[in-house]
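Descriptive structure summary
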Amino acid sequence: MASVSDRKLVDDETLSGAGPHVGSAVSTEQWMDELIAVCTCTNAAGNTADVTVQHSPDGTNWHTLATIPTVTGNDQEIVAITAASLPRVRASTTLGGAQLADVTVQLFFSKK
């Protein structure tokens, strides 16, 4: 039976300036096909956050895996990722508006 786990790609960081702000890469080698990405913004009134989930075969060359719908203000967006993932995943966040927000990007997945 598979268990559900998560990794934070951006861990409640206060981001300022447009960016892009790139989070740390995490390994996906033990994951199954089900991935769900969640972006949560707080202290973000008047701002937007555009998040791209990227994946890489080697940690150097990054490609778009999924795009999370624009998060507006203090809100949350969730996207199911159906494409197969390469071994490493990270998030890239670009802010709009006053360009100051607390952002968390979390990836939920099923372990083999």
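Whatever comes next refers back to the structure up there.
The paragraphs below set out a description of the structure included in this document. From a predicted model like this one, the values you see are computed outputs, not experimental measurements.

Criteria and thresholds
- Per chain, residues are indexed from 1 in the order of the written sequence.
- Residues qualify for local features only when their pLDDT is at least 70, as the model is predicted, and side-chain atom pairs are given and counted only at 80 or more; totals for whole chains, interfaces and linings, by contrast, use all residues.
- Side-chain numbers come from the whole structure's heavy atoms, not from hydrogens or water.
- For helices the rule is a DSSP run of H or I covering at least 4 residues; for strands it is a run of E covering at least 2, with both sets numbered from the N terminus onward.
- With a 1.4 Å probe rolled over the protein chains alone, any residue whose accessible area is under 20% of its type maximum counts as buried; one over 50% counts as exposed, and the rest are partly exposed.
- We call two residues in contact whenever any of their non-hydrogen atoms come within 4.5 Å of each other.
- Accessibility throughout is a Shrake-Rupley quantity obtained with a 1.4 Å probe, and a residue counts as covered only by protein chains that appear here.
- What counts as a disulfide here is a pair of cysteine sulfur atoms lying within 2.5 Å.
- Definition of nonpolar core: a set of buried residues of the types Ala, Val, Leu, Ile, Met, Phe, Trp, Tyr and Cys, connected through side-chain atoms within 4.5 Å.

In this section: the overall build of the protein chain. The helix and strand inventory of the protein chain stands at 0 helices and 9 strands. Counting helices and strands in the order they occur from the N terminus, the protein chain gives β-β-β-β-β-β-β-β-β. The proportion of buried residues among the 112 residues of the protein chain is 41%. In the protein chain, 79% of the contacts between residues at least 6 apart in sequence involve partners at least 24 apart. Accessible area for the protein chain stands at about 5900 Å²; split by element, carbon and sulfur atoms hold 47% of it.

The full count for this structure, using the stated rule, is 0 disulfides. Sulfur of C39: no disulfide; nearest cysteine sulfur belongs to C41 and is 4.2 Å away. The exposure class assigned to C39 is buried, which follows from its relative accessible area of 0%. Judged by relative accessible area, which is 3%, C41 ranks as buried.

Nonpolar side chains in soluble globular proteins tend to be buried together. Counting residues in each nonpolar core, the largest one holds 24 residues, and the members touching the most others are C39, V53, I68, I81 and V105. Secondary structure elements with two or more residues in this core: β4 (31-42), β5 (47-56), β6 (63-72), β7 (76-81), β8 (88-97) and β9 (100-111). For V53, the contacting residues outside a window of four places in its chain are A37, H63, T64, L65, A66, I68, I81, V89 and R90.

Although it is not a glycine, N43 sits at a positive phi angle of roughly 50°. In this fold, N43 is placed in the loop between β4 and β5. On the basis of relative accessible area, N43 is assigned to the exposed category, the value being 57%.

Let us now look at the environment of V51. Among the structural elements, V51 can be located in strand β5. On the basis of relative accessible area, V51 is assigned to the buried category, the value being 1%. For the pair V51 and A66, spaced 15 residues apart in the sequence, the C-alpha separation amounts to 8.7 Å. With sequence-adjacent residues up to four places away left out, V51 is seen in contact with C39, A66, T67, I68, A91, S92, T93 and V105.

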